[in-house]
Structure formats: C-alpha cells, structure tokens
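Descriptive analysis of the structure
Residues per chain are reported as follows:
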Amino acid sequence: KSDGTTSTTSSSTSSSSSRRCRGKKFMVNWASKEGHQWAALNPGADSIHINGKNGPALHLYRGCTYFFMVEQEAPADWPADQPLPHAFVLTNNPVGMLNGAAPQPIPGAFDPVTKGCVCFKVTKTTPRYFFYQCSTGQFEGGLVIVHDE
C-alpha cells in the first residue's frame, strides 16, 4: 500500500473492493411515480429516481463512501420564496413524511437535502437495512441494503 502498511488481503479481493469503493455517485431526482413499486401508496405524482431508475434498491458496502447528487427544479408555478418541494433523506422510516412529521436521518447521515451533492460513509454502525425517502412526501423512495463485503 502507498501508506506504508502491508495488506493481508489477496490482490483480487483488494482490487474488487477498491473498485467498489471508488466514490460511487448516485444521481437523484424526482419524476413520474408510474412504475414505482409503491406507486399505489404514494398520494403524490412523483417518486425518487436514482441513476435514471424509478425507486431501485441500493446496495452499499461498509467502509465505502457514496455521493448523492440531488437534482431538482422548481415547478413552473412554484413561488420563488418557497423551498423546493422535495428533500432527499436516508432514514429508518419506510413511509417518508407521516402525520406531518418529516422522517429523521439515520445516525451518521446528512440532513434532508433539496439540491446539491452530499456524501455518506457506510460505517460498522450503519444499519443493515434502511430507506431513502422524500422528507416531504410519502412512499417516494426505496430500500437500501448494506453489505459487509
């Protein structure tokens, strides 16, 4: 290794692990909920699309860092002095906003974000299963599965 330490991991495992952990980027936006697995439960018109797919399950790996590029444009009739209508969050809440309460981020995650780039490092304390959701809507997101290797 370049830091002067030695590795006891085989080169093929080390190589595949480093490829998997190279700052994976997820492009996040909102589009039509048509075809989303929870569309019937979602009272709105939109759902979260990641890398062009509507509500996919995300597979993350412990020790890796991920970047979420959240993109969103205000609807044409949206008041300029109002915050954007959606906010992306990593949460234990499978629903999203419920009874007027926004879902809380999982420990170690970022606050809900409406637009911009945020990073998330999967640690040994990150839950095995959680969700990505919209903090202002219901059933717009999907499942996140954390793998040890």
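Above this text sits the structure in question.
One structure accompanies this document, and this report is about it. Just so you know, these numbers come straight off a predicted model, no measurement behind them.

The next point concerns the pattern of salt bridges. A side chain of one charge can pair with a side chain of the opposite charge if their charged atoms are brought near each other. Applying the stated criterion to the full structure yields three salt bridges. Between Asp148 and Arg62 there is a salt bridge; the shortest N-O distance is 2.6 Å. Remark: Arg62 occurs in the loop between strand E4 (58–61) and strand E5 (65–70) and Asp148 occurs in the segment after strand E9 (142–147); sequence separation between them is 86 residues. With relative accessibility at 46%, the residue Asp148 sits in the partly exposed group. In this structure, Lys115 engages Glu73 in a salt bridge whose closest nitrogen and oxygen atoms are separated by 3.4 Å. Here Glu73 lies in the loop between E5 and strand E6 (88–91) and Lys115 lies in the loop between E6 and strand E7 (116–121), a separation of 42 residues in the sequence. Through salt bridges with shared partners, a single ionic network connects Arg62, Arg128 and Asp148.

Quick look at the sheet that holds strand E8 (residues 129–134) now. Taken in spatial order, the four strands line up as E4-E9-E8-E6 in an open sheet, and their pairing is mixed. With one partner strand each, in any of the chains shown, E4 and E6 form the two edges of the open sheet. Looking at each pair of strands side by side, their axes are set apart by 30° on average, direction ignored.

So, on to unusual backbone geometry. Even without glycine at this site, Asn99 takes up a positive phi of about 55°. Relative to the assigned elements, Asn99 resides in the loop between E6 and E7. One non-glycine residue, Phe139, lies in the positive phi region at around 50°. Within the element layout of this structure, Phe139 appears in the loop between E8 and E9. The buried category is assigned to Phe139, whose relative accessible area is 18%.

Thresholds, definitions, all that
- Residues numbered from 1 in each chain as written.
- Predicted model: local features only at pLDDT ≥ 70, side-chain atom pairs only at ≥ 80, totals over all residues.
- Heavy atoms only, no water.
- Salt bridge = Lys/Arg side-chain N within 4 Å of Asp/Glu carboxyl O.
- Helix = DSSP H or I, 4+ residues; strand = E, 2+ residues; numbered from the N terminus.
- Buried < 20%, exposed > 50% of the residue type's maximum accessible area, 1.4 Å probe, protein only.
- Pairing = 2+ DSSP bridges.
- Axes fitted to C-alpha atoms, helices over the stretch in contact; angles between N-to-C directions.

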